[in-house]
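# Structural overview
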Amino acid sequence: MQLKYVWFPLGAVLIWAGNTVISKMSAGVIAPEDISFYRWVLAAALMSPFLARPTWNARAQIKPYLGKILVLALLGMVLFQSLAYFAAATSSATSMGIIASLMPLLTLLLSIQLLSEPPTVGTVAGGVLSLFGLAVLIGRGHPLALFDQGVVVGDLLMLLATIAYCLYGVMLRRWALPLRTWQLLYMQVLMAVVLLFPGFLFGHHSPLTAANLPILLYAGIAASIGSQFLWMKGVSHLGASHCSVFVNLMPVFTVIIAVLVLGEHLHSYHAIGGGITLAGVLMAQMLKQRLPGWAKAS
């Protein structure tokens, strides 16, 4: 594994962790459908001066892949982002953490089916260990207490969002569109604006204020442009399965940011759960031996 490419998914996850804290701060100050639409409009406005002309000049190369780009935008920018915002309204942070932690395992299953990638010992063992670490972290030191959680509409929405982003990563890897990364990202942003416009038009509108403008700027710049670019680069170099394991670090980063920014208290289960999660991530990256059954099958 080329360690120099690890910084791509790691940086993306760090930005997403910050966006989780930002999302908590946005409650009550901006509607989910508004921030979902505004963030991509802002991203498109910032990217257009640099990418509109070269993307137009490359329209002949881009045109054959418009259908696939539309699917990527729908999965990674519309469904994942929008469903996550709506899920936060009714789903608890614990439930959302559990569901998000399923992303590496869901991606592994999808990669087996769609990419014919055999699972490795490290991916399976590391994924399970990271999942346990997350259970310790979000269960406040009592993983079994998580089974007492009820299922609400937000949980189902977050599950759909997680599946959508898993599909996004897998299809991004499978199709490997021969386009420049920035142009591919720009086209996805433009399509996301178009896809989200009907929901924005008929949804509840929140005026832009001094309270929600900084939230929108973070979502529209760091979370919409920076993280997407880093994640796409990571998937292209490391693969969807390996990159998705880093998502397990998002709750750890979120806790750290929440302590520094929101003044939340750090408890022992944060350190224990975070340590176990990190160990699982490292295991998944370092142990490349295929599972015996899959090795024979190949």
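Predicted model only: the values in this text are computed from it and were never measured. (Residues numbered from 1 in each chain as written. Predicted model: local features only at pLDDT ≥ 70, side-chain atom pairs only at ≥ 80, totals over all residues. Heavy atoms only, no water.)

## Concerning the overall build of the chain
Scanning the chain from N- to C-terminus turns up 14 helices and zero strands. Its helices and strands taken in sequence order, the chain reads α-α-α-α-α-α-α-α-α-α-α-α-α-α from the N to the C terminus. Among the 298 residues that make up the chain, the fraction classed as buried is 49%. Put simply, 91% of the contacts in the chain that link residues at least 6 apart link residues at least 24 apart. When the accessible surface of the chain is totalled, it reaches about 14,200 Å², and 71% of it is carbon and sulfur. (Helix = DSSP H or I, 4+ residues; strand = E, 2+ residues; numbered from the N terminus. Buried < 20%, exposed > 50% of the residue type's maximum accessible area, 1.4 Å probe, protein only. Contact = heavy atoms within 4.5 Å. Areas by Shrake-Rupley, 256 points an atom, 1.4 Å probe, with all protein chains shown as cover.)

## As for empty space enclosed by the protein
Evaluated as defined, the whole model comprises one cavity of 30 Å³ or more. By volume, the largest cavity is sized at about 40 Å³. What lines the largest cavity is simply Met-103, Thr-107, Tyr-165, Cys-166, Gly-169, Trp-231, Ala-240 and Ser-244. Of all the secondary structure elements, the ones that give two or more residues to the lining of the largest cavity are helix 6 (103-114), helix 8 (153-175) and helix 11 (240-245). Broken down by element, the residue count for the lining of the largest cavity peaks at three residues, all from helix 8. (1 Å grid on protein atoms, 1.4 Å probe; cavity = no way out; pocket = protein on both sides within 12 Å on 5 of 7 lines; lining within 4 Å. Points joined across faces, edges and corners; volume = space filled by probe spheres on them.)

## Some thoughts on the environment of Pro-251
Within the secondary structure layout, Pro-251 lies in helix 12 (residues 250-262). Overall, the relative accessible area of 16% leaves Pro-251 in the buried class.

## A look at the packing of aromatic side chains
Applying the stated criterion across every chain, the model contains twelve aromatic pairs. Ring geometry for Phe-80 against Tyr-165: centres 4.5 Å apart, planes inclined by 45°, an arrangement best described as tilted. One end of the pair, Phe-80, is in helix 4 (residues 66-90); the other, Tyr-165, is in helix 8, and 85 residues separate them in sequence. Each member of the pair, Phe-80 as well as Tyr-165, is classed as buried. Members of the aromatic cluster, joined through ring pairs, are Trp-16, Phe-80, Tyr-165, Tyr-168 and Trp-231. The ring of Trp-40 is capped by Arg-39, whose NZ or CZ atom sits 5.0 Å from the centre of that ring. (Phe/Tyr/Trp six-rings, centres within 6.5 Å; stacked < 30°, edge-to-face > 60°. Lys NZ or Arg CZ within 6 Å of the ring centre and 35° of its normal.)

## Some points on helix 8
In a regular helix each residue adds 1.5 Å, so 23 residues correspond to 33 Å; helix 8 covers 33 Å between its end C-alpha atoms and thus fits that length. Just downstream of helix 8, Ala-176 is the residue with a positive phi angle, here 45°. (Expected span 1.5 Å × (residues − 1).)

## Let's talk about the side chain of Arg-39
Mapped onto the fold, Arg-39 is located in helix 2 (residues 32-57). No salt bridge forms around the buried Arg-39; measuring N to O, its nearest opposite-charge neighbour Asp-34 is 13 Å away. One polar contact links Arg-39 to Ser-224, side chain to side chain, over a distance of 2.8 Å. Setting aside its immediate chain neighbours within four residues, Arg-39 contacts Asn-19, Gln-81, Tyr-85, Leu-216, Ala-219, Gly-220, Ala-223 and Ser-224. (Lys, Arg positive; Asp, Glu negative; His and termini not counted. Salt bridge = Lys/Arg side-chain N within 4 Å of Asp/Glu carboxyl O. Polar contact = N/O pair within 3.5 Å; in protein donor to acceptor, adjacent residues only side chain to side chain.)

## Some words on the packing of helix 8 against helix 10 (residues 213-238)
Orientation of helix 8 relative to helix 10, taken along the N-to-C sense of each, is 55°, at an axis distance of 9 Å. By the angle between their axes, helix 8 is oblique relative to helix 10. Crossing hand, helix 8 versus helix 10: right-handed. Between helix 8 and helix 10, the residues in contact are Tyr-165, Tyr-168, Gly-169, Leu-172 and Arg-173 and Gln-228, Trp-231, Met-232, Val-235, Ser-236 and His-237, respectively. Tallied by class, the residues present in the contact of helix 8 with helix 10 amount to six nonpolar, four polar and one charged. (Axes fitted to C-alpha atoms, helices over the stretch in contact; angles between N-to-C directions. Parallel < 35°, antiparallel > 145°, perpendicular 65-115°, else oblique. Left-handed = near helix turned anticlockwise from the far one by under 90°. Nonpolar A, V, L, I, M, F, W, Y, C, P; charged D, E, K, R; others polar.)

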